[in-house]
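Results of the structural survey
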Amino acid sequence: MTEDQTMSRKGKQLVEKIWSWLTGSLRNSIPQIVAIIAAFLIGAIVLLATGFSPLEAYGAMLIGAIGDIYGIGQTLTQATPILFTALAFLLSFKCGLFNLGAEGQLLIGGFFAAVVGISLTGLPVFVHLPLALLAGIFGGAIMGFIPAVLKAKLGAHEVITTMMSSYVALYVTSYFVNYPLKAPGWVSQTIPIAPSAELPRLLPVTQLSAAFILSIAAALATVYLLDRTTIGYEIKAIGLNPLAARNAGINTNKGLILAMVISGAIAGIGGAGEILGVHRRFIDGFSPGYGWDGLAVALIGGLNPLGSIVAAILFGAIRSGGITMNVSTGVPLDIINILQALVVLFVAAPKLFGYIRKKGGFKWLTSQT
Amino acid sequence: MGNAVRMVAITKSFPGTIANDRVDFDVEEGEVHSLLGENGAGKTVLMSILYGMYKPDEGQIFIKGREVKIDSPAKAIDLGIGMVHQHFMLVPSLTVAENIVLGREPVKNKYLLDAFKAADETRDLSKKYGLEVDPTAVTNTLPVGVQQRVEILKALFRGAEILILDEPTSVLTPQEVGELFKAVAALKQQGKSVIFISHKLKEVREISDRITVLRRGRIVGTVNNKTTSMEELAKMMMGHEMPSIIMKDHAKQGETVLRAEGLTAFNDRKILSLKSINFEVHQSEILGIAGVEGNGQSQLIEVLMGLRKLEKGTILLNGKPITNASVHERLEKGFSIIPEDRQKTGLILDFSVSENLILGQQDKPPFAEKLFRLNLEKEGEIAEELIQEYSIQTPNKETLVRHLSGGTQQKVVVAREFSKQPKFIIASQPTRGLDIGATEYVRRRLVEMRDRGCAVMLISADLDEIIALSDRIAVIYEGKIVATRERDRTNEIEIGLLMTGATND
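Here the structure is a predicted model, which means the values were calculated and not measured. (Residues numbered from 1 in each chain as written. Chains lettered and ligands numbered in written order. Predicted model: local features only at pLDDT ≥ 70, side-chain atom pairs only at ≥ 80, totals over all residues.)

1. Looking at the overall build of chain A
Scanning chain A from terminus to terminus reveals 16 helices and zero strands. By the compact-globule yardstick of 21 Å for 369 residues, chain A fits well, its C-alpha radius of gyration being 22 Å. With the C-alpha coordinates aligned to their principal axes, the bounding extent of chain A is approximately 65 × 60 × 55 Å. Taken over 369 residues, chain A has a buried fraction of 49%. Pairs at least 24 apart in sequence give 78% of the contacts found in chain A among residues at least 6 apart. (Helix = DSSP H or I, 4+ residues; strand = E, 2+ residues; numbered from the N terminus. Rg over C-alpha atoms; globule rule 2.2 N^0.38 Å. Buried ≥ 20, exposed ≤ 12 C-beta atoms within 10 Å, placed from the backbone. Contact = placed C-beta atoms within 7 Å.)

Pasting the structure below:
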């Protein structure tokens, strides 16, 4: 056999492998696809009932989201922070924890990054930018650490503590940008960060910054962490069976603190990315609820980092397309929230899908080849 | 007499396995019919289909000659089928009478429970079938044997004509088994049909009229108890002759490996459950801890593993105190454990076979590398080796442990725990719920570990097991070691009496 033939056979095998992976993940994501279609169908009914044309509205949304390079840029910009918070939720979930504090971790991460970005000057980019990002990681990590320690030492349930800590973060940062750190003017915001702390923009005119690349890298790193490291192994072991993990000598308290710290750190970079890449200053309440969207995205992504990338981009598209829809057709922006809520609702109702399948729907997708 | 139940060509498959393959099964009125087979043979699945918990893929069910579709346990109950599960389905905080009438409570003033009537009905029922219970006792204060009686009465209260008992003896003491069998005989007298699921030949022989043997989801045959023999049944069940347990002579006892002095500890309810326990386990020795369950065995294991706080006492490993060492440190120093409940504490069911095989060693070389990297290649390699060496019957190393049979799951635990060259092994109920083949396998491995120089502590509620394997036997009763005996200088009767607190040292 010649080298060429071997090469081509190897290539063929690789293609087949990728193909089976793709079809496999498509099959696995049927419930999500069904949920999205169902959400848009019901959204159409809502639009009709309120006197808008669904075709026109969705058309505008589609064009706004992916119609041109600007739209795509905005879609990815919107997807970036949601992907970070989705990864944060997902990671804690693998350890059996519900981190509902991604919103607060994102805010504090962004705030810390802003402080470093503003207060240090005269540093070269390759020092200042990493420092600002590290500050974001640190801020998020602290916000993950506190509820984790409260749980490990006092048994305080993380759902309560993480959710409450989000409000603390919101009001504390709000205080700072309204009083001590407020820039001159009417807007509650800080002065801009130094140019040396800015994350570079990727596309002209759009706000798409290198933070998007960081978010994809974070997703890949999360896959690696969970599947290829001893830390990931222990986190999963604790999440699936804490008793067995304890019996095997795994320190479950240490594990859950670590998981929450990493989780918070990921959300923290998300906040830093927004500040350093998009706004370039800290604006009061800059997050329209990215933390909560992250939870939804993680669920729609099947609690899988790679699935979360797809789901985050979908949510980003709904958000950025929604703005175009609002401007060109006058449909209120609230429809976006309705659509997102419906997607989550349908994903959370897997039995519905089972019912459809029983009735013989989607055979073309589910049949094994 | 007619057929109470007839199941025809029942087929049920789960992803990856066929649990029942065209199974035919019938039970006559007033008959005790045993379903015999190893773990994973499909006995419980077949009966769960009859009880409406699973839907068969194919096949028909006839009750008293009429074809029926049983799609829920409620439907099964309506048809006069009752099932007593291996794990009881009682509300622990309710009284016996309340549990029995639950769902069909006698009421007064339309909405209020008539407690007196419930108690009376329970008393009548209990008298009628000779199943003695105290209607006003709170369920969780009762011994397991009595709770089982409550389960049976509950089924009878709902009008069961056909009673399914799923491995009813696995949780009982020998005395309780005797009482259960008396009750079964009484039920038969009253014309009830009883289906007895078991993998214990002796018991099946004792109470059955007919015996149906299942192997790997298929019927091997149905035989009349009077005309069959132990050997024939064992052959049908195993597909080969019954292997005998090879007990080697005493290995030469060596130095003390583990020494416990004055172990005292509370249980979760803050009741003193270990009262100054002393014992030693030597090199090349199996120390059996005999005792009826709930006499402090669980707490003793937890204390030894470092999972429960000691109030008083010292634990020495090779003469060095390890009383305050963490679980992790103890494992590092050569502790190894086969936990009582493999699914709850021994395995991670949603991890693969190979992931489970490295549990507890994931943070050590060769699995752990620089920068927390987990060497998956090494993990796979070692998994393949262990699957071979311990003949773990799994489709492959990536299979989730959840999908394996009980015996195979236990082999995964045994392979993991024995392959790490332990010095001290705690084996708690190591053969519980396993079939003959797997039981014999685990026992042989335990003896092998002893012969290689391990100190083994065997905790078992199965007296036969303790007698068969131990070099020395310590009897635990109400949190105390009441006696320690050389195996050769004692017998089942003496140990049995000590276990129940009948005699004291």
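2. With respect to unusual backbone geometry
Residue and element names in this part refer to chain B. P365 connects to P366 through a cis peptide bond whose omega is 5 degrees. The topology assignment puts P366 in the loop between α12 (353-357) and α13 (376-389). Backbone geometry places R22, a non-glycine residue, at a positive phi of 45 degrees. Tracing the backbone through its elements, the reader meets R22 in strand β2 (residues 17-28). A residue is classified by how many C-beta atoms lie within 10 Å of it, and R22, with 14 of them, is partly exposed. Positive phi, normally seen in glycine, also occurs at E478, with a value near 50 degrees. Along the chain, the position of E478 falls in the loop between β21 (472-477) and β22 (480-486).

3. Quick notes on the interface of chain B and chain A
Counting from both sides, the interface comprises 22 residues of chain B and, opposite them, 16 residues of chain A. Of all elements in the fold, only α10 (327-332) and α11 (342-346) of chain B reach the threshold of two or more residues within the side of chain B that touches chain A. Class assignment of the residues belonging to the side of chain B that touches chain A gives a composition of 13 nonpolar, five polar and four charged. (Nonpolar A, V, L, I, M, F, W, Y, C, P; charged D, E, K, R; others polar.)

4. Describing the domain arrangement of chain B
Accessible area lost on assembly of the parts is the figure often given for the size of an interface. Residue and element names in this part refer to chain B. Along its sequence, chain B is carved into domain 1 (3-238), domain 2 (254-334 + 421-505) and domain 3 (344-420). One C-alpha centre belongs to domain 2, the other to domain 3, and the line joining them spans 26 Å. Listed by partner, the interface residues are 11 residues for domain 2 and eight residues for domain 3. Looking at the side of domain 2 that touches domain 3 element by element, the count peaks at four residues for helix α15 (residues 436-451). (Domains from an automatic or database assignment.)

5. Side note on the pairing of strand β9 (residues 162-166) of chain B
Residue and element names in this part refer to chain B. Burial within β9 is extensive, with five of its five residues counted as buried. Here strand β6 (residues 81-84) pairs with β9 via four bridges, running parallel. Along β9, the bridge assignment pairs G82 with L163. Here five bridges tie β9 to strand β10 (residues 193-198), and the two strands are oriented parallel to one another. In the sheet register, D166 faces β10, and the bridge partner there is I197. Between the parallel pair β9 and β10, the chain is carried across by helix α6 (residues 174-189), and the sense of this crossover is right-handed. (Pairing = 2+ DSSP bridges. Right-handed = clockwise from strand over helix to strand, strands pointing away.)

6. A look at the sheet that holds β9 of chain B
All names here are of chain B. Taken together, six strands build an open sheet; the order of strands is β6-β9-β10-β3-β11-β12 and the sheet is mixed. Strand pairing shows two members of the sheet lacking a second neighbour, β6 and β12 (218-224), which therefore form its edges. Recorded for the sheet is a direction-independent mean angle of 20 degrees between the axes of neighbouring strands. Inspection of the sheet shows strand β11 (residues 210-215) paired to β12 by six bridges, in the antiparallel sense. If you follow R210 over to β12, its bridge partner there is N224. (Axes fitted to C-alpha atoms, helices over the stretch in contact; angles between N-to-C directions.)

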